[in-house]
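Observations on chain architecture
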Amino acid sequence: MAGVELRSVSKRYGKFYAVRNVSLKVEKGEFVSLVGPSGCGKTTTLRLIAGFIAPDGGEVLLDDVSMASVGVRNRQVGIVFQNYALFPNLTAFENVAFGLRTRKVPEEELRSRVEELLAMVGLSGRAAAWPRELSGGQQQRVALARALAIRPKVLLLDEPLSALDAKVRNSLRFEIRRIQRESGITTIYVTHDQEEALSISDRVALMNSGEMEQIGPPGEIYLHPANRFVADFVGVNNLLEGEYLGEGRFRWREHLLSVEDVPLEAGPAALMIRPERLVLAPSEEGADNRLTGTVTGRVFLGPLLRLAVDVEGEQFLVDLLNTETAAPSLDDRVSLTFSSSDARPVGNTGKIPG
Amino acid sequence: MLRRALWLSAGVMWFTYVLTPIALILVGSFGEKWFGTLLPTGFTMKWYGDLFSKTMYVRAMTMSLFIASLTVLINGLIGICSVYAVSVLRVRWLRRAFDFIILLPIAIPPVVMGLGLVQAFNWTSFSLVGTWQLLLGAHLVYTLPFMLRPLMANMEMLQWNILEEAGVSLGASPLFLATKVLIPNLIPGLLSGAVMTFAMSLGEFQLAVMVTGSSSQTYPVVLYQAFYVSTGFACAATTLLVLFSLLSLGGVLFLGHFFGFRGSSLALDS
């Protein structure tokens, strides 16, 4: 059974498609992130699911029931907004209780439910606090409890961590995931931060210009991007413009490289090599997949040392584990090598639906 | 140094132009005689006795309080409905039009408005001139901008669109949202609007003098006539008006405190 299903949903503003022909099936209890650059249609998709806007084409289903004639109020969706949207005139307790009050839940049941939720988000002691007395992170926890109070069919989070500072963002990220697991609620999480999406989702749906580019588990998205957009958007990458010759061969300038054999038509393509998959080669090794260049930059990233290497005018990023062994310094000549399975040709088009 | 000098001169001006006249009037209202001297001589309470024994003044004060209260009440309702409509419709030109419309009464002098009202509603068969209803209407239009300004600022700070979406997604009906979220959150704006409109209506003279008749005279109109009676009497009558203004201001502030509006830190400067 699908918790949320989009069937070729489109939303148009004039001639501009905010969302075009998007299909997505989210299993019950699954955590799916919608990711993409701003203006890619991820928030519009979320609002279509919530029912704030109606699709121009296609259909939205919650628990396998079409929502075509069901308004926001009766959809039973829990929404968490970027700027918390707590009611400033109500205490934390009353904010959480809001959805229960609209449903006329008996006082005793309401009280125990709200207390249980506040405990779940770790705010038991702050029930009487006004929103303005709470930190941003605490406000967002209250907002999360408020959204969960109505036992929604689906929890929709619209960039819930964007307004918070880095430290809170990281801890709350995993807390959201923990709470989601505990309550077993179907969740759709909108973010522009691909790292955030990769770190907490069961599956990631990548959007661009209103269309779905690829849907898959984080590892899949990271290692096997469907096209150049995905390869470029997710993580840090080296993308070489060249020509795919078929059968795992790729031409970049004068170099004939042996790469992953992918079902991609021969022709102009980009070759994607993750910085951590590039290896500094001892100079006497064989000539297969070997590029020589000069170190032009060194960036200290804590556990990693990132080198910029200039190879025939093209800049390569190379990540080395920051161990104590001597790393090349600026202006050193180095040889880079990689195994064919770590180099993946990607085309301009091609999508992998979920 | 310059800052200090500026503060000092502001203080002196406030003292000279605001506090001194009020203080003199207060002193004068207890003075037996005030003629040719800097300060009045003798002490008496008789002016106040005179004031409360004259039904014209008591009735005018009642009328003034009645008109001012109704003005606040109706303008509060109009205000809430209008800022809600403007925020919900989200039409830009409507907002601009709205801004213009609410500024119009400020741009037009009350005398012009009063003349217009007398001309427009004075027919031989049926005349509204002289009725309190016409004055109420005039005061509503005249004071509405001062109710709307703080309400609009309040509404903007509230980010109502998002709060409304949150509320609706939690299953709230429009009525539930209005009574449990919108109005409680508009109380700061409503209070500052109420203080302004009440004070303006209570002390308004130009419209009142043109539009009212003997049965609907408001306090400022009769107060103006009091200066032809005697200085002491006029001072007592003026003191009463100041007293009522301050009392109503304090009352509104007390109400605000009583309703316990602590939930929001909305500061209203505009």
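What counts and how
Residues numbered from 1 in each chain as written. Chains lettered and ligands numbered in written order. Predicted model: local features only at pLDDT ≥ 70, side-chain atom pairs only at ≥ 80, totals over all residues. Heavy atoms only, no water. Phe/Tyr/Trp six-rings, centres within 6.5 Å; stacked < 30°, edge-to-face > 60°. Helix = DSSP H or I, 4+ residues; strand = E, 2+ residues; numbered from the N terminus. Buried < 20%, exposed > 50% of the residue type's maximum accessible area, 1.4 Å probe, protein only. Lys NZ or Arg CZ within 6 Å of the ring centre and 35° of its normal. Pairing = 2+ DSSP bridges. Contact = heavy atoms within 4.5 Å. Buried area = accessible area lost by both parts, 1.4 Å probe. Salt bridge = Lys/Arg side-chain N within 4 Å of Asp/Glu carboxyl O. Nonpolar A, V, L, I, M, F, W, Y, C, P; charged D, E, K, R; others polar. Polar contact = N/O pair within 3.5 Å; in protein donor to acceptor, adjacent residues only side chain to side chain. Axes fitted to C-alpha atoms, helices over the stretch in contact; angles between N-to-C directions. Domains from an automatic or database assignment.

Scanning the entire structure with this criterion turns up 14 aromatic pairs over all chains. Summarising the aromatic geometry, the rings of F229 of chain A and F233 of chain A are spaced 5.6 Å apart at their centres and angled 15 degrees between planes, so their arrangement reads as stacked. Residue F229 of chain A and its partner F233 of chain A are both found in helix α9 (residues 228–233); the two are separated by 4 residues, about one turn of the helix. Accessibility expressed as a relative area gives 19% for F233 of chain A, which makes it buried. Ring geometry for F30 of chain B against F43 of chain B: centres 5.7 Å apart, planes inclined by 10 degrees, an arrangement best described as stacked. Here the residue F30 of chain B occupies a position in the loop between α1 (2–29) and β1 (31–33), and F43 of chain B occupies one in strand β2 (residues 41–43), the gap between them amounting to 13 residues. Overall, the relative accessible area of 25% leaves F30 of chain B in the partly exposed class. Aromatic ring contacts, followed pair by pair, group F87 and F98 of chain A together with F176 of chain B into a single cluster. Cation over ring: R20 of chain A sits above Y17 of chain A, and NZ or CZ is 4.1 Å from the ring centre. One Lys or Arg, R146 of chain A, reaches over the ring of F87 of chain A and ends 4.8 Å from the middle of that ring.

Let's shift gears to the pairing of strand β1 (residues 2–13) of chain A. Residues and elements named next belong to chain A. Pairing of β1 with strand β2 (residues 16–27), which is carried by 8 bridges, proceeds in the antiparallel orientation. Residue pairing for β2: K11 is matched across the bridge by V19. From the end of β1 to the start of β2, which pair antiparallel, there are 2 residues, and G14 there has a positive phi angle of about 65 degrees. Both β1 and strand β4 (residues 57–62) contribute to a ladder of 5 bridges, which runs antiparallel. Note that in β4 the partner of S10 across the bridge is G57.

With that settled, consider the interface of chain B and chain A. Frequently, the measure chosen for interface size is the accessible area removed from exposure when the parts meet. At the interface, 24 residues of chain B touch 22 residues of chain A. Of the roughly 2100 Å² buried where chain B meets chain A, counting both sides, 64% is carbon and sulfur surface. For the pair chain B and chain A, the interface holds 1 salt bridge. Between E165 of chain B and R47 of chain A there is a salt bridge whose closest N-O contact spans 2.5 Å. Looking at the side of chain B that touches chain A, the elements with two or more residues in it are α7 (160–169) and α8 (174–203) of chain B. Class assignment of the residues belonging to the side of chain B that touches chain A gives a composition of 12 nonpolar, 9 polar and 3 charged.

All names here are of chain B. Considering the arrangement of structural elements, one finds T44 in the loop between β2 and α2 (46–53). Given a relative accessible area of 12%, T44 falls into the buried group. A sequence separation of 123 residues divides T44 from G167, and the C-alpha atoms of the two residues are 62 Å apart. If we skip the residues at most four places from it in the chain, T44 touches S29, F30, G31 and E32. Here K46 takes part through its backbone nitrogen, which lies 3.0 Å from a polar atom of the side chain of T44.

Here we take up the pattern of salt bridges. Residue and element names in this part refer to chain A. Throughout the structure, instances matching the rule amount to 21 salt bridges over all chains. Close ionic contact of D202 with R177 constitutes a salt bridge, the shortest N to O distance being 3.1 Å. On the criterion of sequence distance, the pair formed by D202 in the loop between α7 (194–200) and β9 (203–208) and R177 in helix α6 (residues 166–183) is long-range, its members being 25 residues apart. Of the residues examined, D202 reaches a relative accessible area of 29% and is grouped as partly exposed. Connected through shared salt-bridge partners, E94, R101, E107 and R111 make up one network.

Residue and element names in this part refer to chain A. One open sheet accounts for 6 strands, arranged β6-β7-β8-β3-β9-β10; its pairing is mixed. Each end of this open sheet is capped by a strand with a single partner; those strands are β6 (77–80) and β10 (211–216). Averaged over all pairs of adjacent strands, the angle between their axes in this sheet comes to 20 degrees, without regard to strand direction. Bridging between strand β3 (residues 31–35) and strand β8 (residues 186–191) involves 5 bridges; their strand directions are parallel. When the sheet's bridge partners are listed, V35 is paired in β8 with T191.

Turning our attention to the domain arrangement of chain A. Residue and element names in this part refer to chain A. Structurally, chain A comprises domain 1 (2–223) and domain 2 (228–346). Placing a centre on the C-alpha atoms of domain 1 and another on those of domain 2 gives a separation of 38 Å. Each side of the interface is counted separately: domain 1 has 14 residues, and domain 2 has 10 residues. Between domain 1 and domain 2 the total buried area reaches about 980 Å² when both faces are included, carbon and sulfur atoms providing 70% of it. The three residues of domain 1 that bury the most area against domain 2 are Q194, Y222 and L223, which together make up 53% of that side's buried surface. Across the domain 1-domain 2 interface, the total number found is 0 salt bridges. Linking domain 1 with domain 2 are 3 residue pairs in polar contact (both at pLDDT 80 or more). At the level of elements, α7, β9, β10 and α8 (218–223) are the ones that each hand at least two residues to the side of domain 1 that touches domain 2. For the side of domain 1 that touches domain 2, the class distribution of residues is 8 nonpolar, 5 polar and 1 charged.

Residues and elements named next belong to chain A. The antiparallel open sheet is built from 4 strands, whose spatial order is β2-β1-β4-β5. Two strands bound the open sheet, and with one partner strand each, they are β2 and β5 (65–66). Each of β1, β2 and β4 touches helix α1 (residues 42–50); the most contacted strand, β1, lies at about 120 degrees to it.

Here the focus is the pairing of strand β17 (residues 304–311) of chain A. Residue and element names in this part refer to chain A. Of all the 8 residues making up β17, 6 are buried; the element is thus mostly covered by neighbouring parts of the structure. Where strand β16 (residues 290–301) and β17 come together, 7 bridges link them in antiparallel fashion. Counted as the bridge partner of V295 is V309 from β17. Here β17 runs beside strand β18 (residues 314–321); their pairing, made up of 8 bridges, is antiparallel. Looking at β18, one finds that V309 is bridged to F316.

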